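# Fold and geometry: a report
Each chain is listed here by its residues.
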Amino acid sequence: MAYLNLSQFKGARDIEGSGDDATIALFIDAASKAIDNYCNRTFEGEVEERTFDTPHDRTLWLDDDLCSITSITNGDGSSIDSSQYVTKPRNAFARGTPIYAIRLKSQSPVYWQSDNGEYEDAITVEGVWAYSESPPHDIVQAALMLTAHYYDSKESVGGEAVIIPGVSVRIPQGMPTAVRNILDNGYVKEFG
């Protein structure tokens, strides 16, 4: 998903007319993907279902950022109500940060169940799998800055050639320091 739109970029840069619209749209998309790749996460998502193996304890560890939960279906087909679990970290939704685990409350009578003895892909979590449902303002700013960098460098030599019908541009390699500074301020997901 793109973290800003054509009119936002053109308005910020005082660009009139539609002659460069295809090129700008390409740069916006490239900037959003570069931010995702740099941070090892995405900052905007849609509702989708993902399945997980049945945990051996009360904690279901997630394999990606989850910013909202629509439903959780246990391996036996029953729904798990939000009063039966807590998220890790606590209050993540209120703080606008993603969760990385769902823990059944110790006093809850609910346990993670298999699907008739099948433990693989037994638990289904439906929600928005991203850092946030819409990109934070500083991520939009980083996308704007990176798109501007690409746009300003479109005539330069070097970079990766991207060709779409009627448009051929080069996307410069590397990321400006100001963009990296925004992304390095808590948005890069570390592995391991």
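Preceding this section is the structure that the text describes.
Below is a short write-up of the structure. Worth saying up front: this structure is predicted, and the values here are computed from it rather than measured.

Criteria and cut-off values
Residues numbered from 1 in each chain as written. Predicted model: local features only at pLDDT ≥ 70, side-chain atom pairs only at ≥ 80, totals over all residues. Heavy atoms only, no water. Helix = DSSP H or I, 4+ residues; strand = E, 2+ residues; numbered from the N terminus. Expected span 1.5 Å × (residues − 1). Buried < 20%, exposed > 50% of the residue type's maximum accessible area, 1.4 Å probe, protein only. Pairing = 2+ DSSP bridges. Axes fitted to C-alpha atoms, helices over the stretch in contact; angles between N-to-C directions. Salt bridge = Lys/Arg side-chain N within 4 Å of Asp/Glu carboxyl O.

## Here we look at helix α4 (residues 137-152)
Helix length check: α4 (16 residues) gives 22 Å between terminal C-alpha atoms against 22 Å at 1.5 Å per residue, within 8%. Inspection of α4 places I139, A142, A143, L144, L146, T147, A148, Y150 and Y151 among the buried residues, and these make up the whole buried set.

## Things to note about helix α2 (residues 21-39)
The end-to-end C-alpha separation of α2 is 27 Å, in line with the 27 Å expected for 19 residues at 1.5 Å each. Residue N40 follows α2 closely and has a positive phi angle near 60°.

## Focus: the sheet that holds strand β1 (residues 47-52)
Strand order in the open sheet formed by three strands is β1-β6-β3, with antiparallel pairing between adjacent strands. The open sheet terminates on both sides in strands that have one partner only, identified here as β1 and β3 (68-73). Sheet twist, expressed as the mean angle between neighbouring strand axes with direction ignored, is 20°. Across five bridges, the pairing between β3 and strand β6 (residues 123-128) is antiparallel. By the bridge assignment for β6, T73 is matched with T124.

## Examining the pattern of salt bridges
One pass over the structure, following the stated rule, counts nine salt bridges. With a closest N to O distance of 3.3 Å, R50 and E48 form a salt bridge. Between R50 and D63 there is a salt bridge whose closest N-O contact spans 3.9 Å. Note that R50 is positioned in strand β1 and D63 in strand β2 (residues 59-66), a separation of 13 residues in sequence. The class of D63 is exposed, set by a relative accessible area of 56%. Residues participating in the shared-partner salt-bridge network are R41, E48, R50, D63, D64, D65 and K189.

## Here's the deal with the sheet that holds strand β4 (residues 85-88)
Here we have three strands laid out as an open sheet, ordered β2-β5-β4, and antiparallel in their pairing. Here the strands that pair on one side only, and so sit at the sheet edges, are β2 and β4. On average, each strand axis in the sheet is inclined to that of its neighbour by 25°, with strand direction left out of account. With four bridges connecting them, β2 and strand β5 (residues 99-104) associate as antiparallel partners. Counterpart to W61 in the pairing with β5 is A101.

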